[in-house]
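Chain by chain, the residues run as shown.
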Amino acid sequence: MKIYTNNNNTSTLKLLIAANLAGKKLELQKSTFEDQFSGPKCLPLLEVDEELTFFSSNAAVQYLFPILDLSKNGQCQQMQEWEATRLQPAVANVLSAKTVPADVKQVLQSLVLVLNELLKKHKYIIGDKLSAADISIWSTLYPLLYNEESKSYLSECSYILQWAEELNKAKAFQEAVKQWGGNPKGPFSNISALGTPQITNLPTPAGSPDDSVPVSVSQEEADLAQENWLNGLKNLQAPIKQEKLVLPVKGRKNVLITSALPYVNNIPHLGNIIGCVLSADIFARYCRLCDYNTLYISGTDEYGTATETKALEEGVTPRQICDKYYEIHNSVYRWFNIGFDYFGRTSTPEQTQIVQKLFLKVLDNGFMSTQSVEQLFCEKCERFLADRFVEGTCPHPGCAYDGARGDQCDKCGKLINAIELIEPKCKVCAHRPTVRPSEQLFIELGQLEPSIRSWISSVEGNWSGPARAVSRAWLREGLRARAVTRDLKWGVPVPLEKYKHKVFYVWFDAPVGYTSITQCATKQYEKWWKPDKDYDVKLYQFMAKDNVPFHAIMFPASVIGANEGHKLVDYIFATEYLNYEEGKFSKSRGVGVFGTDAQETGIPSDVWRFYLASIRPETSDSSFNWTELCTRNNSELLNNLGNFCHRSLSFCANTFKGKIPEMSFSNTDYVLFALVNREVVAYVQNMEKGRLREALRHVMSVSRLGNQHMQSEQPWVLLKGSPEEKIRGSTAIAVCCQLVALLCTLIAPYMPDTSRKLKAQLNLPDTSFRINPTNPALFQYIPTGHVIGKPEPLFAKIEQELVDTMRAKYAGTQAERAKQNGDVKTGASTNVGDLEQAIAAQGEKVRQLKASTKDKAVWQPEVNKLLELKKQLTAAQSQPVSDIASLEKAVAEQGEKVRKLKASTKDKTVWQPEVNKLLELKKQMATAQSIVATPANVASLEKAIAEQGDKVRKLKASTKDKTVWQQEVNVLLDLKKQLAAAQAK
């Protein structure tokens, strides 16, 4: 094996260390970028043999030193991507600059602080064993670690220094340094011919300038920049009229955008938000800037078992659960400035009509079949039971746990077939079910597979990498018949007499929600979903990768089977997953920052939008980090973008009384315009391909170019000089103001509030801020002589103290936070529901671990956590009577708060979250009162019985569906038992 490398290339160190650890011999071959290689101009290059060559040093390290623990492989790759796309460029910027700008220093310092936090908790980067991530990161940090002039960047990172020194003692590392023969003081060779890591689709950090890259602009580029400046505004097409009812327009590009429908059983977390609704919103706002005729719709996915189960847990109807969480989702998205044209829901008459029509057409065309499936049937409730609606004794030998669910046992962790449960019982009525065959309808995906393959091959070039990977994986395995019906009450009913007691599986009906929501929004959904051939309609869909099968395989199969000219998706922009600090976001376990949490931090929604877009997991998993959020706000928004905009407009306001001065351009100005145009072109290209994170990087590069121009021109000096210098000074200020207008346009999709503030400061109408997608370039946004408004700062500094507070506040799970806070008002330490939810999630984690390994040392700590949660639940369920007084007080205070809010506004989104808190407190108080039944509590119980009896009577009067009111009857009977017990004492 050979390594081709240039001098003093720290990436070569990676390969040498990995080879030494693996016991493989490598031959070093000095090379340059002028040498002829088939592939990208990257060094070092690892040539294994004639057939195999690695152009990525990190991929080569993984090949030479593969990770043995496959469960850690994804984490290792994520850290290597972080090293290649963030750490390495930041280190290169610092090492190559003669004078390091403050924002560049801050970027590097934030990255090493993130790394230091990791090493504070683990011996190595991803755990207790050395991995390729350690090799890559140590090699990149080598010039900082062993050069006294640069070591100051790591002075506060004791854990990094300790880790690095341990590695430096290893023989493999010492020998690699000798083989490398480089000097930690530099100068350092570039990794690629362009001087930056060349990894497709993996950007360097937003706002991290790379001054080492030589800038050259051809005269042709400068001339084109001049032409665009003079005529760019004239070449814009007439702005499209914004109609309240958005329908396709002939002769225009019509863009239909959907984001995956969030399920209504919990509050969305930041991963959910950037994965679908925020990404789609950024793209929709961009489309409107380009004058595309744009309709952006989404809504809540409301049918299915999870809704019924949640309703059962909370003692309400499925409709009430959907209403509750619809309002929560709507409120969260409003705060994040998600600009839906319409945010609907799937539990509507329109949904039922369109789903049933689609099904009947697929049935008529011969793509449906029937199969018999054995299921448990509750004769008392007169219904088949989904897995989550049945409990019994675990059938596995040696377990005999009597609380096992119909799908798995929390005690032994093994999977269960519901019909194998010993002494099964219905969770609704506690009656023992019987086994009965149930005939279900299936869609024959195998028959439709050739058409699906042909269609995917024609369009997948427009899809993101994760979307292509998931769809190809499904097709590799081959498609099989899949059930479209199930025995539930809450869902779209099957329109056949034989199946009238069944509903459609949520996977079948939910994607149809896009069409029904469009119908609710426009009353003419077919104009978008079955467009006339004379109309140019493009469908863009945003989601996380776990939703790809339903959008790339299942739903297309349904509409292909219907064969009614239905619109198929053109672009699927799917993401990988966003992690939280070192773990994963989890709705079920309450891990991470949720939409409602973000509102409580005091950090503006635009900052959240910017940061989430900058870490959008476009090519691999990425991580949310509190320190990085702070640093990016302070360095990239405050010091880079905000500083440039405020300085430019303030100079104009103070020097020229706000009037844009005359401009007299030199070739230097047109060179600047050409460099700016490169960024604008890249911005548009990446936006059109759904690479929102990369597009944002180019926005920050425009700001960087503006800052550099102001620093190099120094108008404050020129304006004091000769007449010629004064003209140059006034031109420099005018140019900077034009760049501010351009930035106001480019940031609008990402930070709409900030863009609105800038528009007001520029004193220009919305129609002034547009993009020509066919010829993206800087043109004259502001006419000479125009008077701007009052400049104001755009961003505020986030203090480290706030970050430390937020990290501590949102550490662990919601149940663990509740235990630490002990705040009765919010139901923290006594919230039985949260603890039950945490136990279910932890049980799932234990089951997965036990299924993956027999090593007790791996899963025993998680078992201990599960046992501790169960202890907390027992304690919560037996809380002392003294807490009831506190709860009564909390209910009174929250009730007063709700009354004041309702009196102040009719906007339901303002006060509904507080109403939800009040209902939760009342539920906790009822639980506390029911657990401790004493003579002193008789009056409360009698009152509760009266209220519950009234509730039962109303429910029985409204419906004959026993499943709706039986749970309330059970509650009433339980209250009567408690009263009898209290009176007997």
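Residues numbered from 1 in each chain as written. Predicted model: local features only at pLDDT ≥ 70, side-chain atom pairs only at ≥ 80, totals over all residues. Heavy atoms only, no water.

### Description of the packing of aromatic side chains
Applying the stated rule across the entire model yields 38 aromatic pairs. Look at Tyr540 and Tyr571: their rings are 4.3 Å apart centre to centre, the planes differ by 5 degrees, and that puts the pair in the stacked class. Of the two residues, Tyr540 is situated in strand 17 (residues 536-544) and Tyr571 in strand 18 (residues 571-575); the sequence distance between them amounts to 31 residues. Note on Tyr540: relative accessible area 1%, which makes it buried. Exposure remark for Tyr571: the relative accessible area of 18% places this residue in the buried category. Here the aromatic rings of Tyr580 and Phe624 are separated by 5.6 Å at their centres, their planes lie at 15 degrees, and the arrangement is stacked. With Tyr580 in strand 19 (residues 578-580) and Phe624 in strand 21 (residues 622-624), this residue pair connects regions lying 44 residues apart in the sequence. By relative accessible area, Phe624 is classed as buried at 0%. The ring centre of Tyr292 lies 4.4 Å from the NZ or CZ of Lys253, which sits over that ring. (Phe/Tyr/Trp six-rings, centres within 6.5 Å; stacked < 30°, edge-to-face > 60°. Helix = DSSP H or I, 4+ residues; strand = E, 2+ residues; numbered from the N terminus. Buried < 20%, exposed > 50% of the residue type's maximum accessible area, 1.4 Å probe, protein only. Lys NZ or Arg CZ within 6 Å of the ring centre and 35° of its normal.)

### Details of helix 8 (residues 219-231)
Its 13 residues give helix 8 an end-to-end C-alpha distance of 18 Å, which sits within 8% of 18 Å, the value for a rise of 1.5 Å per residue. Of the residues making up helix 8, those classed as buried are Ala222, Ala225, Asn228, Trp229 and Asn231. Residues of helix 8 that are buried sit in contact with helix 22 (667-688) and helix 25 (723-747). (Expected span 1.5 Å × (residues − 1). Contact = heavy atoms within 4.5 Å.)

### Re helix 16 (residues 513-522)
Burial within helix 16 is extensive, with nine of its ten residues counted as buried. Listed in full, the buried residues belonging to helix 16 are Gly513, Tyr514, Thr515, Ser516, Ile517, Thr518, Gln519, Cys520 and Thr522. Of the residues flanking the end of helix 16, it is Lys523, one or two places downstream, whose phi is positive at about 65 degrees.

### Digging into the side chain of Thr10
Its place among the elements puts Thr10 in helix 1 (residues 10-22). Classification of Thr10 by relative accessible area gives buried; the value is 13%. Those residues in contact with Thr10 that sit more than four places away from it in its chain are Ser139, Pro143, Trp180 and Phe188.

### Regarding the sheet that holds strand 9 (residues 383-384)
Strand order in the open sheet formed by four strands is 9-8-13-14, and the pairing between neighbours is antiparallel. The open sheet has two edge strands with one neighbour each: strand 9 and strand 14 (482-483). Sheet analysis places strand 8 (residues 368-378) next to strand 9, joined by two bridges and oriented antiparallel. Each residue of the ladder has a partner; that of Cys378, found in strand 9, is Arg383. (Pairing = 2+ DSSP bridges.)

### Some points on the nonpolar core
Ile257, Trp608, Phe624, Trp626, Tyr683 and Tyr750 are the most contacted members of the largest nonpolar core, which totals 170 residues. If you look at the next biggest cluster of nonpolar residues, it comprises 54 residues, including Ile3, Ala19, Ile126 and Ala132. (Core = buried A, V, L, I, M, F, W, Y, C linked by side-chain atoms within 4.5 Å.)

### Some thoughts on the packing of helix 25 against helix 26 (residues 752-762)
It is at 9 Å that the axes of helix 25 and helix 26 come closest, and there the two elements cross at 150 degrees. For the element pair helix 25 / helix 26, the angle class is roughly antiparallel. Note on packing geometry: the crossing formed by helix 25 with helix 26 is left-handed. Residues Cys737, Val740, Ala741, Cys744 and Ile747 of helix 25 touch helix 26, and the partners they reach there are Thr754, Ser755, Leu758, Lys759 and Leu762. (Axes fitted to C-alpha atoms, helices over the stretch in contact; angles between N-to-C directions. Parallel < 35°, antiparallel > 145°, perpendicular 65-115°, else oblique. Left-handed = near helix turned anticlockwise from the far one by under 90°.)

### Things to note about unusual backbone geometry
Despite not being glycine, Lys523 has its phi angle at roughly 65 degrees, a positive value. As for its placement among the helices and strands, Lys523 is situated in the loop between helix 16 and helix 17 (526-529). Despite not being glycine, Lys657 shows a phi value in the positive range, around 55 degrees. In this fold, Lys657 is placed in the loop between helix 21 (626-656) and helix 22.

### Brief notes about the pairing of strand 8
Note: strand 8 against strand 13 (residues 434-443), ten bridges, orientation antiparallel. Bridge pairing in strand 13 places Val373 opposite Ser438. In textbook terms, the turn of a hairpin is the stretch between consecutive antiparallel strands, and for strand 8 and strand 9 this stretch comprises four residues, one of which, Glu382, has a positive phi near 60 degrees.

### Overview of a nonpolar patch on the surface
Taken together, the side chains of Met1, Leu52 and Tyr63 make up a nonpolar region of the molecular surface, amounting to roughly 220 Å² of accessible area. Examined against the element boundaries, Met1 turns out to sit in the segment before strand 1 (2-5). The class for Met1 is partly exposed, based on a relative accessible area of 30%. (Patch = residues over 30% accessible without salt bridge, like charges linked within 9 Å, V, L, I, M, F, W, Y side chains within 5 Å. Areas by Shrake-Rupley, 256 points an atom, 1.4 Å probe, with all protein chains shown as cover. Salt bridge = Lys/Arg side-chain N within 4 Å of Asp/Glu carboxyl O.)

### A short note on the packing of helix 10 (residues 305-314) against helix 11 (residues 318-335)
Between helix 10 and helix 11, the least distance of the axes is 8 Å, while the angle of their chain directions is 95 degrees. By the angle class used here, helix 10 and helix 11 are roughly perpendicular. Contacts between helix 10 and helix 11 pair Thr307, Glu308, Lys310, Ala311 and Glu314 from the former with Pro318, Ile321, Cys322, Lys324 and Tyr325 from the latter. Here the residues of the contact of helix 10 with helix 11 are counted per class, giving five nonpolar, one polar and four charged. (Nonpolar A, V, L, I, M, F, W, Y, C, P; charged D, E, K, R; others polar.)

### What to know about the pattern of salt bridges
Under the definition given, this model contains 35 salt bridges. Between Lys14 and Glu83 there is a salt bridge, and its shortest N-O distance comes to 3.0 Å. Of this pair, Lys14 sits in helix 1 while Glu83 sits in helix 3 (residues 73-96); the two residues are 69 residues apart in sequence, bridging distant segments of the chain. The residues Lys14 and Glu83 share a single accessibility class, namely buried. Glu314 is paired through a salt bridge with Lys310; the nearest N and O atoms lie 3.9 Å apart. Of this pair, Glu314 and Lys310 both sit in helix 10, four residues apart, which is roughly one turn of that helix. Using a relative accessible area of 22% as the deciding quantity, one classes Glu314 as partly exposed. Assessed through its relative accessible area of 12%, Lys310 is described here as buried.

### Some points on the sheet that holds strand 2 (residues 27-30)
With mixed pairing, the four strands of this open sheet are ordered in space as 2-1-3-4. Because the sheet does not close on itself, it has two edges, and the strands there are strand 2 and strand 4 (53-54). Both strand 1 and strand 3 (residues 45-47) contribute to a ladder of three bridges, which runs antiparallel. Each residue of the ladder has a partner; that of Lys2, found in strand 3, is Glu47. With respect to the sheet, helix 1 is in contact with strand 1, strand 2 and strand 3, its orientation differing from that of strand 1 by roughly 170 degrees.

### A look at the confidence of the model for the protein chain
Per-residue confidence for the protein chain averages 84 on the pLDDT scale, and 85% of its residues sit at or above 70. With pLDDT under 50 throughout, residues 192-214 is counted as low confidence; its partners more than four residues away or in other chains account for 56 contacts. When the criterion is pLDDT under 50, residues 931-936 qualifies, and its contacts beyond four places in sequence or with other chains add up to 13 contacts. (pLDDT = per-residue confidence, 0-100.)

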